[in-house]
Amino acid sequence: MTFKTLTRALCLSLATLIPMTATLAQDVKERTIKFAFQNQKGHPQAEGAQKFADLVAQKSGRKITVRLFPGGTLGGDLQTVSALQGGTVEMTVLNAGILTAQVKEFAVFDFPFLFASPQEADAVTDGPFGKSLLAKLEEKNLIGLGYWDLGFRNLTNNRRPVAKVEDIAGLKIRVIQSPIYIDLFNALGANATPMPFPEVYTALEQKAIDGQENPETTIYASKFHEVQKYLTLTRHVYNPQALLVSKRLWDSLSADERRIFNEAAAEATRFQRELSRQQASVALENLRKAGMQVTELSAAELARFREKVKPVIDKHTQSVGADTVAALNAELAKVRR
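Figured I'd write up the structure that's included with this text. Along every chain, residues carry numbers that run from 1 in the direction the sequence is written. The predicted origin of the model limits local features to residues at a pLDDT of at least 70 and limits the giving and counting of side-chain atom pairs to 80 or more, whereas totals for whole chains, interfaces and linings rest on all residues. The basis for every side-chain value is the complete set of non-hydrogen atoms in the structure, without hydrogens or water.

**Let's talk about the environment of Thr317**
Heads up, the condition is: Strands here mean DSSP runs of E at least two residues long; helices mean DSSP runs of H or I at least four residues long; both are numbered from the N terminus. Per-residue accessibility, obtained with a 1.4 Å probe over protein chains only, is compared with the maximum for each type, and a residue is labelled buried under 20%, exposed over 50%, and partly exposed between these values. Between N or O atoms, a polar contact is any pair within 3.5 Å; within protein, one atom must be a potential hydrogen donor and the other a potential acceptor, and residues adjacent in sequence are included only when both atoms are from side chains.
Among the secondary structure elements, Thr317 is positioned in helix 12 (residues 310-320). Overall, Thr317 belongs to the buried group, its relative accessible area being 17%. Sequence separation between Thr317 and Arg153 is 164 residues; the distance between their C-alpha atoms is 21 Å. Of the polar contacts made by the side chain of Thr317, one reaches the backbone oxygen of Ile313; its length is 2.7 Å.

The following block contains the structure:
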């Protein structure tokens, strides 16, 4: 091929690419997206949301702005889910188990002592099982983009150290507004009290409740150590976080805009998980320094906790569906092999 022929071919290629580039630009509209969630700025959940917002801005040529609403400023999780379905809020990230009210199978992610490590949870949520649950949300006017990390939940209270199951008896513990959490803590002897997250600090401060349960990062970021004395590392539930988009917004997006959202979600998920797991140990050390008394359960005592909650797992296996639980356990067995 002569230089002249090569030059001509390159010009023709560029001429072909220019209309494509223009088409891509036309397929990304000026938009502002409201992204609401419960944790405060600085929390790994908020940092993940900021990363997502930055990536969407970058990939859209600054045409799409993702505006963050941290700290439950637009309401609790249930209110936010309803707002997504109605299209008044476009995005959220929340404990996957809260979606049980929409798709009953999500309750399996709140089964106590299910995952042994975050890596096990990643393998299950990123695999066929986790994707199949997200797919069920579309008929509920929600689109799932993936799963983030919140970590293992632990128990705090302001009345006494909890070193054995019996120590929980009578404690009034705030739990997520989900039936399995209510049954779990009632089975352990507590008085389970469902409550929206934004109300928890004030309820603890006013002693309307004795304690709550959350991962270390949430406990520290929410300053619960200011109103709680005792922390027990129960690690009773691992919380995958579902990253959601309103279907009303999704249906309005072009193919290029959807690609931007999916790519940003995948990159932000990797970032958020790593950050969350790094910050968990830092948060625990900060809680110790802040004066919280930390109790670690012995293996024998942990086994007693597991035994105590077996009836809860049996009960919710019936409501979720034995086939769903079996499918999850089969995925776990593959991961553990």
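Now that the structure has been shown, we can carry on.
**Re the pairing of strand 10 (residues 238-246)**
Heads up, the condition is: DSSP calls a pair of strands paired once it identifies at least 2 bridges connecting them.
Here strand 10 lies mainly inside the structure; nine of its nine residues are buried. Along strand 10, one buried face is formed by Tyr238, Pro240, Ala242, Leu244 and Ser246 and the opposite face, lined by Asn239, Gln241, Leu243 and Val245, is buried too. Note: strand 3 (residues 91-95) against strand 10, five bridges, orientation antiparallel. Bridge pairing in strand 10 links Leu94 to Ala242. The pairing of strand 4 (residues 142-152) with strand 10 spans nine bridges and is classified as antiparallel. Note on strand 10: the bridge partner recorded for Asp149 is Pro240.

**Concerning helix 12**
For an α-helix the count is 3.6 residues per turn, leaving residues at separations of three or four pointing the same way. The condition is simple: Throughout, the arc means the angular range of directions from the helix axis out to the C-beta atoms. Only heavy atoms enter the contact rule, under which two residues are in contact if any of them lie within 4.5 Å.
Listed in full, the buried residues belonging to helix 12 are Val312, His316, Thr317 and Val320. Along the axis of helix 12, the buried positions cluster into a sector of 135°, meaning they face one direction only. Turned more than 90 degrees from where helix 12 packs its buried face, Pro311 and Gln318 sit exposed. Tucked inside the fold, the buried residues of helix 12 contact helix 6 (179-187) and helix 13 (322-336). Two residues or fewer after helix 12 comes Gly321, characterised by a positive phi angle close to 120°.

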